[in-house]
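# Overview (structure and organization)
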Amino acid sequence: MARILIILGIVLILIGVFWPILSNLFGKTGLGRLPGDIAVEGERSKFYFPIVSCLIISAVVSIIVWLVQK
């Protein structure tokens, strides 16, 4: 369990370091702006909930954890 947490921490740090590059790579049409994501914009406020993006990320992480445990 400790090894998985360390690996997960390293992956999160790497994602954080490379986030500017990743956001330019995906742009406005990539992950985080998928059909099904909820976006409501008012005159003075914005609400954004990336539900489909969260489901895809969850599925990918679940598959990776399942493969690591095998």
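Rules used throughout
Residues numbered from 1 in each chain as written. Predicted model: local features only at pLDDT ≥ 70, side-chain atom pairs only at ≥ 80, totals over all residues. Heavy atoms only, no water. Helix = DSSP H or I, 4+ residues; strand = E, 2+ residues; numbered from the N terminus. Buried < 20%, exposed > 50% of the residue type's maximum accessible area, 1.4 Å probe, protein only. Areas by Shrake-Rupley, 256 points an atom, 1.4 Å probe, with all protein chains shown as cover. Patch = residues over 30% accessible without salt bridge, like charges linked within 9 Å, V, L, I, M, F, W, Y side chains within 5 Å. Salt bridge = Lys/Arg side-chain N within 4 Å of Asp/Glu carboxyl O. Polar contact = N/O pair within 3.5 Å; in protein donor to acceptor, adjacent residues only side chain to side chain. Pairing = 2+ DSSP bridges.

### Considerations on the overall build of the protein chain
Within the protein chain, the secondary structure is distributed over 3 helices and 2 strands. In sequence order, the secondary structure elements of the protein chain are arranged as α-α-β-β-α. Per-residue burial over the protein chain gives 6% buried out of 70 residues. If you sum the accessible surface of the protein chain, you get close to 6400 Å²; carbon and sulfur atoms cover 73% of it.

### Points about a nonpolar patch on the surface
Taken together, the side chains of Met1, Leu5, Ile7, Leu8, Val11, Leu12, Ile15 and Trp19 define a hydrophobic patch exposed on the protein surface, amounting to about 840 Å² of accessible area. Sort the elements by how many residues they give to the nonpolar patch and helix α1 (residues 2–17) lands first, with 6 residues. Positionally, Leu12 belongs in helix α1.

### Regarding the side chain of Asp37
Along the chain, the position of Asp37 falls in the loop between α2 (19–26) and β1 (38–41). Judged by relative accessible area, which is 13%, Asp37 ranks as buried. Within the structure, Asp37 has its side chain in polar contact with the side chain of Tyr48 (distance 3.1 Å). A distance of 3.4 Å separates the side chain of Asp37 from the backbone nitrogen of Ile51, its partner in a polar contact.

### Observations concerning the pairing of β1
Bridge count between β1 and strand β2 (residues 46–49): 4 bridges; the pairing is antiparallel. Bridged to Val40 within β2 is Phe47.

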